[in-house]
Amino acid sequence: MAKPTLDEPLASLLRGASFADTADIIGPSMLRVQFGSAFVLVGTAGTALIAVAPMFRLSPKEKLGEFWHKLLLLNAEMGGVAAFAVQADGWIVLHTGRPLRGIDAGEFSALVTAVGRFADDFDDKLDIEFYGGKGRIAPAAE
């Protein structure tokens with residue numbers, strides 16, 4: 001089976017990115033980049049660039065108020081570069097997005113790397129604090 005290729009402008013942006021050699025192309029408008037224990041899915045949707053790091057499948061069973069408060073504090077610490085969110089299917093993610101218009105390879109690289117490094121830093125800390133070290137295990141695997 002042939003390896004998928006990226007559509008423009010994502011293909012050009014990836015060529016100039018610091019992580020180009022480690023990115024896995026998973027479709028014409030999507031790639032995956034590993035940052036330590038976290039990974040970032042990067043894609044385009046219409047005229048937007050989106051980078052999402054899946055963090056936890058579900059919210060913790062205990063200390064919910066403390067958990068959401070902590071995520072909001074972390075959002076403030078990241079200075080608008082990335083933010084935690086909850087998707088409709090329950091996944092807690094770290095994400096960012098911006099219009100494709102005017103983006104260059106340097107900004108693309110900086111955005112994706114920021115999400116990846118923040119996710120890699122926060123995933124283990126949040127897992128230990130709120131999930132007892134088992135938050136990254138899918139419920140079916142328990």
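Residues numbered from 1 in each chain as written. Predicted model: local features only at pLDDT ≥ 70, side-chain atom pairs only at ≥ 80, totals over all residues. Heavy atoms only, no water.

Trainee: Just checking my understanding: could you explain helix α2 (residues 64-77) for this structure?
Mentor: An α-helical turn contains 3.6 residues, so any two residues separated by three or four positions project in the same direction. Given a rise of 1.5 Å per residue, 14 residues ought to cover 20 Å, and the 20 Å separating the end C-alpha atoms of α2 matches this to within 8%. Buried residues of α2: Phe67, Leu71, Leu74 and Asn75, and no others. End-on, the buried residues of α2 take up no more than an arc of 105°, which puts them together on one face. Facing away from the buried surface of α2 by more than 90 degrees, the exposed residues are Gly65, Leu72, Ala76 and Glu77. Where the residues of α2 are buried, they touch β5 (83-86), β6 (92-99) and α3 (105-131). Glycine 79 lies just past α2 and shows a positive phi near 60°. (Helix = DSSP H or I, 4+ residues; strand = E, 2+ residues; numbered from the N terminus. Expected span 1.5 Å × (residues − 1). Buried < 20%, exposed > 50% of the residue type's maximum accessible area, 1.4 Å probe, protein only. Arc of directions from axis to C-beta. Contact = heavy atoms within 4.5 Å.)

Trainee: Looking at this model, I keep getting lost on the side chain of serine 109. Mind explaining?
Mentor: Within the secondary structure layout, serine 109 lies in helix α3. Non-local contacts of serine 109, meaning those with residues more than four positions away in its chain, are made with Ala17, Ser18 and Phe19.

Trainee: I tried to follow the packing of α2 against α3 on my own but got confused; where do I start?
Mentor: The axes of two packed helices give the description: the angle between them and the distance between them. The geometry of α2 relative to α3 is characterised by a closest axis approach of 11 Å and an angle of 160° between their N-to-C directions. Put simply, α2 runs roughly antiparallel to α3. In this structure, α2 crosses over α3, and the sense of that crossing is right-handed. Contact residues: Glu66, Phe67, Lys70, Leu71 and Leu74 in α2; Phe122, Leu126, Glu129, Phe130 and Tyr131 in α3. Residues that form the contact of α2 with α3 fall into these classes: seven nonpolar, no polar and three charged. (Axes fitted to C-alpha atoms, helices over the stretch in contact; angles between N-to-C directions. Parallel < 35°, antiparallel > 145°, perpendicular 65-115°, else oblique. Left-handed = near helix turned anticlockwise from the far one by under 90°. Nonpolar A, V, L, I, M, F, W, Y, C, P; charged D, E, K, R; others polar.)

Trainee: Is there a simple way to explain unusual backbone geometry in this structure?
Mentor: Negative phi values dominate among residues other than glycine, just as trans dominates among peptide bonds. Cis geometry marks the peptide bond from glutamate 8 to proline 9, where omega comes out at 5°. Secondary-structure assignment places proline 9 in the segment before α1 (10-15). One non-glycine residue, lysine 63, lies in the positive phi region at around 55°. Tracing the backbone through its elements, the reader meets lysine 63 in the loop between β4 (48-56) and α2.

Trainee: Even after reading the chapter, I still don't get the packing of aromatic side chains, so can you show me in this structure?
Mentor: Ring pairs (aromatic) are described by centroid distance and by the angle formed between their planes. If you walk through the whole model with that rule in mind, you get eight aromatic pairs. Ring geometry for phenylalanine 19 versus phenylalanine 35: centroids 6.3 Å apart, planes at 70°, classification edge-to-face. In this pair, phenylalanine 19 sits in the loop between α1 and β1 (24-27) while phenylalanine 35 sits in strand β2 (residues 30-35), placing the two residues 16 residues apart along the sequence. A centroid spacing of 5.8 Å and a plane angle of 5° characterise the contact between phenylalanine 118 and phenylalanine 122, whose relative ring orientation is stacked. Placement of both phenylalanine 118 and phenylalanine 122 in helix α3 is noted, with a separation of four residues, approximately one turn of the helix. Under the relative-accessibility criterion, phenylalanine 118 is labelled partly exposed at 24%. Residue classification places phenylalanine 122 among the buried positions, given a relative accessible area of 8%. Grouped by ring-pair contacts, the aromatic residues Phe56, Phe67, Trp68, Phe130 and Tyr131 constitute a single cluster. A cation over an aromatic ring shows up here: arginine 32 above the ring of phenylalanine 39, its NZ or CZ 4.1 Å from the ring centre. (Phe/Tyr/Trp six-rings, centres within 6.5 Å; stacked < 30°, edge-to-face > 60°. Lys NZ or Arg CZ within 6 Å of the ring centre and 35° of its normal.)

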